[in-house]
Structure formats: structure tokens, C-alpha cells
Amino acid sequence: MLPKEFLEEMKDILKEDYDLYARSTDDEPFRGISVNRLKTDEKIIGALPFEVKKTPFYKDGYYIPCDEKGIGNTPFHSGGAFYVQEPSAMSAVTLLDVCQNDKILDLCAAPGGKSAQIASCLNNTGLIWSNEVVRNRAQILLSNFERMGISKGIVSSCYPEVLCSKLEGYFDKVLVDAPCSGEGMFRKNPEAVLEWSREHTVSCAERQLSILRSAAKAVKSGGILVYSTCTFSYCENEGVIKKFLEENPDFEQCEIDGHFGRKTELPCAVRITPIEGGEGHFAAKLRRKGENVTDSCFQTAKDKKQDTLLKTALKELENIFYEVPKGEYNIINDKLYIMPENLPDMRGLGVIRAGIFVGEFKKNRFEPSHALFMSAKPENIRRILKADDDKAKKFLSGMELDSGCQNGYTAVVYGNIIIGFGKTADSRLKNKYPKGLRIK
Ligand code: SAM
């Protein structure tokens with residue numbers, strides 16, 4: 001049973017369409033996936049073991065059947081070919097209009113659905129900086145970063161105010177997918193209904209405005225700020241944007257083309273309800289006035305390269321790859337990373353990952369990481385074990401496999417997507433799929 005006060009507000013928002021909404025409240029929720037172009041392309045659609053249909057909200061967004069079970073346990077999911085995501089939630093990244101080489105901040109990023117979309121659109125150019133203030137949620141974000149094979153990215157866990165003050169004017173585009181009262185989650189998660197109250201929407205709005213104020217600092221002159229929520233409430237959506245614009249005359253509304261969702265009183269904003277084919281989202285697009293200038297006041301914070309260790313690692317990498325991944329190699333606490341270029345000073349910003357975690361030095365050995373293989377293309381790997389459904393399932397559950405490969409680190413490939421790696425010794429593949437990810 002939905003709260004009366006909530007339904008009254010929905011009447012105000014939807015007007016003559018309210019009855020359509022009221023009739024939809026007990027229907028099954030929409031579900032979707034976004035395809036990850038770092039790993040695959042639209043051809044994957046034909047290979048999926050379930051029916052899909054394009055959504056209007058995002059170029060690589062698809063509806064999936066609402067009753068489809070076990071998607072998270074399929075090899076394509078484990079390999080990062082797609083991200084399971086509520087269809088209308090994909091709309092915010094469409095408004096962000098990602099261009100190659102953009103530097104983008106996703107300020108409230110966990111579990112990582114929108115960061116995955118942004119990284120897919122960036123296609124290994126520019127930078128995706130994903131921040132999540134709640135530490136254990138930042139770990140989930142990191143795990144999704146690795147699954148999706150994101151190499152040009154940063155994961156941090158920092159207060160928005162601290163992060164955005166230090167990175168003032170650094171980003172071309174900033175996304176604030178704010179914590180909210182979750183009215184768009186009511187069909188999927190009935191517990192959200194129990195947590196709802198008018199007072200809660202008001203306190204959410206205060207927090208949202210405060211996050212938006214911080215976010216604004218990180219946007220460069222001429223840059224874009226997108227704000228989104230998964231709630232319908234006026235005070236958390238139009239209300240927050242109007243207050244923000246009053247306080248920040250250096251920001252203006254960007255008119256959006258309206259090819260999906262329903263219009264709002266703000267030309268820069270769209271609301272999506274079940275009537276328009278999504279569970280519920282609001283997204284608004286703002287622009288910081290002025291020329292789009294590039295700030296050059298940031299210094300790269302480099303750690304000293306430890307030459308002998310690096311030589312050991314590069315020898316191992318030459319044995320794995322036809323062409324060793326290029327980039328700025330850095331050793332931090334016995335771990336090797338390839339960092340995105342021209343990073344700002346990241347000290348004090350709660351960074352838990354910068355670029356690709358390549359592997360670890362253990363005594364005099366170098367051991368490559370799962371993340372390294374997940375970010376690689378199969379055609380660049382010397383030893384490949386092709387897995388069918390049965391072998392992929394065994395591998396993802398942690399079992400050893402027969403391997404026809406020569407001894408050495410070996411990528412396991414399912415349908416042209418790397419799902420992990422192992423080490424071949426005497427025709428057996430010792431499984432290196434991370435224990436925490438194994439499917440029981
Ligand atoms: N963008 C994510 C995605 O697409 O997967 C979903 C983000 S969720 C709607 C909002 C996030 O904001 C949550 O992960 C939550 O932990 C975080 N959050 C909560 N309080 C916050 C605060 N005061 N400042 C910044 N983020 C906050």
C-alpha cells in the first residue's frame with residue numbers, strides 16, 4: 001500500500017496521466033542491461049541466453065525479461081560484457097553526452113552502473129573518476145570496475161566537499177547521481193515504501209543540494225553538471241535544481257531534446273515514470289558558463305620507479321602479451337599499476353585504485369592480477385583457453401581445467417570475452433579466478 005501523501009504528490013506531478021501510473025503500481029518492475037563496449041559490441045545481443053529489447057534511454061541499453069533468473073551467474077556477466085541496470089537509470093549518462101577524451105567525475109558512484117556506462121562511452125580515452133563516500137560500497141565499485149575492464153579510471157572514497165575543493169575546475173563533466181528517497185524503487189523494493197515519509201524527502205533534498213554545491217566546484221569553465229535521482233518528488237528534483245541555480249548564477253540550464261521521458265517545468269530536466277517505460281528517474285543538465293578552458297595547474301604525483309622490480313614485471317608481461325600494455329608504470333607497496341596520464345595530485349583524496357592494477361611482487365616473483373586480464377583483449381594474449389558453457393561454469397566456480405596451452409599464464413575466454421585467467425602447468429590450468437567472486 002503506497003503512502004497517501006506520496007500518491008497526492010504524484011497526482012500533482014502527473015495530472016491527467018495519474019490514473020495510468022496508479023494502475024501500474026502492482027506491475028512487475030522493468031529490468032535492463034547496458035552493454036559494455038570495452039569488452040564487446042552490439043553483436044553480444046544475439047549471443048545472450050535471454051530475450052532483449054532496446055530502451056529509449058541509452059544507446060546501449062536493453063530491457064530484459066522481468067522474470068529472468070541467474071543473470072549475475074552467467075559467464076558474460078562475470079566477464080563484464082554487460083551491467084544489469086534499471087533501464088531509466090541509464091538516462092543520466094545520455095544527458096552527460098560523453099565525448100572521447102573527456103575527464104569525467106561520477107561523484108556518488110557505487111555500485112557503479114553509471115560509471116560503467118561512462119567508461120564504455122569513453123572507450124579507453126580520457127578519465128573516469130568514480131567516487132563513493134561509503135567505504136564498503138567503494139569496494140563494490142572497485143570490483144565492478146575490474147569486472148568491466150576499466151583501465152583509464154580512478155576509484156576513490158572521499159567526502160564530496162574535500163574531493164571537489166581539491167580538484168576545483170578539473171573535470172569536463174560531473175555526474176551527481178544523488179542518494180534520494182527512492183520512490184522509483186517502490187515496485188522493485190517494497191521496503192523502500194516503509195522508509196518513505198514527507199520529512200525524509202525534505203532531508204534528502206537538503207543533502208542533495210549540499211552535494212551539488214560541492215560538485216559544482218569540480219566543473220571546469222564551460223563544463224557540464226548532470227544531476228539525477230531515482231525518485232519522483234518535486235522537492236528532491238526541480239526544487240533542488242531551482243535552489244542551486246538561484247545560488248549559482250554562473251550555471252545555466254542546458255535545454256534537452258526530450259526524445260524520452262516526460263517534460264518538467266525545467267527545460268533542462270526530464271522525469272521518467274513507469275508510464276514512459278522505466279521504474280523512475282529524474283535527470284537535469286546544467287552548464288557552467290564561460291569558455292571551456294583547460295586547467296594546467298595540476299601536477300602528476302609519481303612514485304619513484306624501482307627499476308629492478310619493473311624489469312622483472314615487464315619480462316613476465318612480455319611472456320603474457322604480444323604487445324605489452326603501454327602507459328605510466330608505477331610501483332606502490334609492492335603492487336604495480338598502469339596509471340592514466342597527467343593525473344592531479346591525489347594525496348588526501350581517498351584513492352583506492354588508479355588505472356589498472358597490473359600485479360604484485362612476491363619475493364622475487366611477479367604475479368599478474370585478475371584486473372589486468374579483465375582489461376585485456378583476447379587477441380593480444382599469447383595463451384588462450386577457449387571455454388564452452390560447461391568449462392566456463394567450472395572455471396567461475398574455482399575448479400582446475402584441462403589446458404591445451406603451453407606452460408604459463410593463460411587467459412580463459414568465453415565467446416571472445418576474457419572472464420579471468422589461470423596458470424597452465426603440465427596441461428592443467430591452475431585457477432586464479434578470485435575466491436571472493438567464485439560462483440557456488
Ligand atoms: N550512481 C550509482 C550507480 O549508478 O550505480 C548509484 C548511486 S546511489 C543513487 C547514491 C550513492 O550516494 C550511494 O552509493 C550512497 O552511498 C552515496 N551517498 C550517500 N550519502 C552521500 C553523501 N552525503 N555524499 C555523497 N554520496 C553519498
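Let me begin by describing the structure that accompanies this report. Numbering of residues starts from 1 in every chain and runs along the sequence as written. A pLDDT threshold of at least 70 governs which residues receive local features in this predicted model, and a stricter bar of 80 or more applies before side-chain atom pairs are shown or counted, although totals over entire chains, interfaces and linings include all residues. In computing side-chain properties, one takes all heavy atoms of the structure into account and sets aside hydrogens as well as water.

**Structural notes on the site of the ligand**
Definition in use: A single heavy atom is enough: if one lies within 4 Å of a molecule or strand, its residue is considered near that molecule or strand. As used in this structure description, the phrase polar contact means that two N or O atoms lie within 3.5 Å; if the pair is within protein, one of them must be able to donate a hydrogen and the other to accept it, and residues adjacent in sequence are counted only when both atoms belong to side chains. The method behind every accessible area is Shrake-Rupley, applied with a 1.4 Å probe, and residues are considered shielded solely by the protein chains displayed. Using protein atoms alone on a 1 Å grid, points that fit a 1.4 Å probe yet trap it form a cavity, whereas open point sets bounded by protein on both sides within 12 Å along at least five of seven lines form a pocket; residues with an atom within 4 Å of a point count as lining. Molecules are considered to sit inside a cavity or pocket once more than half of their atoms lie within 2 Å of its grid points. The helix and strand labels rest on DSSP assignments: H or I over at least four residues marks a helix, E over at least two residues marks a strand, and numbering proceeds from the N terminus. Gly falls in the polar group here, along with every residue not listed as nonpolar (Ala, Val, Leu, Ile, Met, Phe, Trp, Tyr, Cys, Pro) or charged (Asp, Glu, Lys, Arg).
Around the ligand, a shell composed of 17 residues is seen, among which Gly112, Gly113, Glu132, Arg137 and Asp177 lie nearest. Measuring from an oxygen atom of the ligand, one finds a backbone N or O atom of proline 111 at 3.4 Å. Between the ligand and glycine 113, the relevant distance is 2.9 Å, taken from an oxygen atom to a main-chain nitrogen or oxygen of the residue. Notes on the ligand: free accessible area 590 Å², of which the protein chains cover 81%. One can see that the ligand is located within the largest pocket. If you list the elements that add at least two residues to the shell around the ligand, you get helix H6 (113–122) and helix H10 (198–218). Classifying every residue of the shell around the ligand by side-chain character gives 10 nonpolar, two polar and five charged.

**Observations regarding the layout of surface pockets**
Heads up, the condition is: Grid points are joined across faces, edges and corners, and a volume is the space filled by probe spheres set on the points.
The space that makes up the largest pocket amounts to roughly 1,200 Å³. What lines the largest pocket is a set of 48 residues, and nearest its centre among them are Ala110, Pro111, Arg137, Asp177 and Cys230. At the level of elements, strand E1 (31–35), strand E4 (82–84), H6, helix H8 (160–166), helix H9 (191–195) and H10 are the ones that each hand at least two residues to the lining of the largest pocket. No other element matches H10, which puts five residues into the lining of the largest pocket. Its residues assigned to classes, the lining of the largest pocket comprises 21 nonpolar, 15 polar and 12 charged. Estimated volume of the second largest pocket: approximately 540 Å³. Taken together, 24 residues form the lining of the second largest pocket, with Ser151, Pro325, Lys326, Ile356 and Ser375 sitting closest to its centre. The set of elements that each furnish at least two residues to the lining of the second largest pocket consists of strand E15 (335–339) and helix H13 (370–374). Of the residues in the lining of the second largest pocket, the class split is 12 nonpolar, six polar and six charged.

**A short note on the sheet that holds strand E23 (residues 428–431)**
This is how it is decided: Strands qualify as paired when DSSP identifies two bridges or more between them. Residues count as neighbours in contact if any of their non-hydrogen atoms are within 4.5 Å of one another. Angles shown run from 0 to 180 degrees and are taken between the N-to-C directions of axes, each axis being a line fitted to C-alpha atoms and, for helices, limited to the stretch in contact.
Pairing is mixed across the open sheet formed by five strands, whose spatial order is E19-E21-E22-E23-E20. At either margin of the open sheet sits one strand with a lone partner, and together these are strand E19 (384–386) and strand E20 (401–402). Relative to E23, E20 is paired through two bridges, and the arrangement is antiparallel. Bridge pairing in E23 links leucine 401 to leucine 429. Sheet strands in contact with helix H14 (residues 389–396) are E19, E20, strand E21 (408–414), strand E22 (417–425) and E23, and its direction is about 75 degrees off that of E22.

**Digging into the side chain of threonine 55**
Secondary-structure assignment places threonine 55 in the loop between strand E2 (53–54) and strand E3 (61–64). A distance of 3.1 Å separates a polar atom in the side chain of threonine 55 from the backbone nitrogen of phenylalanine 57.

**A short note on the packing of aromatic side chains**
Remark: the centre distance and the inter-plane angle together describe each pair of aromatic rings, the angle taken between the planes. Under the convention used in this document: Note on ring pairs: Phe, Tyr and Trp rings are taken, using the six-membered ring of Trp, and paired if centres are within 6.5 Å. Classes follow the plane angle, with under 30 degrees stacked, over 60 edge-to-face and the rest tilted. Partly exposed describes any residue whose relative accessible area lies between the buried limit of under 20% and the exposed limit of over 50%, with all areas from a 1.4 Å probe on protein chains only and scaled to the type maximum.
Summed over all chains, the structure comprises 17 aromatic pairs. Residues phenylalanine 6 and tyrosine 21 carry aromatic rings whose centres are separated by 6.5 Å and whose planes lie at 70 degrees to one another, so their mutual orientation is edge-to-face. Here phenylalanine 6 is found in helix H1 (residues 4–14), whereas its partner tyrosine 21 is found in helix H2 (residues 18–24), with 15 residues between them in sequence. By relative accessible area, phenylalanine 6 is classed as buried at 1%.

**A short note on unusual backbone geometry**
Between alanine 110 and proline 111 the backbone carries a cis peptide bond, its omega angle lying at 5 degrees. Here the phi dihedral of asparagine 101 falls at roughly 75 degrees; this positive angle occurs in a residue that is not glycine. By the element assignment, asparagine 101 lies in the loop between helix H5 (91–96) and strand E5 (103–106). Judged by its relative accessible area of 54%, asparagine 101 falls in the exposed class. Phi is positive for asparagine 342, close to 55 degrees, though the residue is something other than glycine. Counting through the fold element by element, asparagine 342 comes out in the loop between E15 and strand E16 (351–354). Its relative accessible area of 60% is what places asparagine 342 among the exposed residues.

**Details of helix H11 (residues 238–247)**
Every buried residue of H11 is accounted for by Glu238, Gly239, Val240, Ile241, Phe244 and Leu245. Packing partners of the buried residues in H11 comprise H10, strand E9 (219–229), strand E10 (251–253), strand E12 (269–272) and strand E13 (281–288).

**Considerations on the environment of phenylalanine 357**
Following the sequence through the fold, phenylalanine 357 ends up in strand E17 (residues 356–362). Judged by relative accessible area, phenylalanine 357 falls into the buried class, the value being 13%. Through-space distance from the C-alpha of phenylalanine 357 to that of leucine 372 is 6.3 Å; in sequence the pair is 15 residues apart. Not counting residues within four places of it along the chain, the set of residues in contact with phenylalanine 357 comprises Lys335, Leu336, Tyr337, Ser369, Ala371 and Leu372.

**Re the sheet that holds E15**
The four strands lie next to each other as E14-E15-E17-E18, forming an open sheet whose pairing is antiparallel. A single partner strand is all that each edge strand has here, and the edge strands are strand E14 (328–332) and strand E18 (365–368). Going across the sheet, the axis of each strand differs from the next one's by a mean of 30 degrees, ignoring polarity. As paired elements, E17 and E18 share four bridges and run antiparallel to each other. Each residue of the ladder has a partner; that of glycine 359, found in E18, is proline 368.

**Details of the environment of glutamate 400**
One can find glutamate 400 in the loop between H14 and E20. Taking the C-alpha atoms as reference points, glutamate 400 and isoleucine 140, separated by 260 residues in sequence, lie 26 Å from one another. Every residue in contact with glutamate 400, bar those within four places of it in the chain, is listed here: Arg428, Leu429 and Lys430. A polar contact is formed between the side chain of glutamate 400 and the side chain of arginine 428, at a distance of 3.5 Å.

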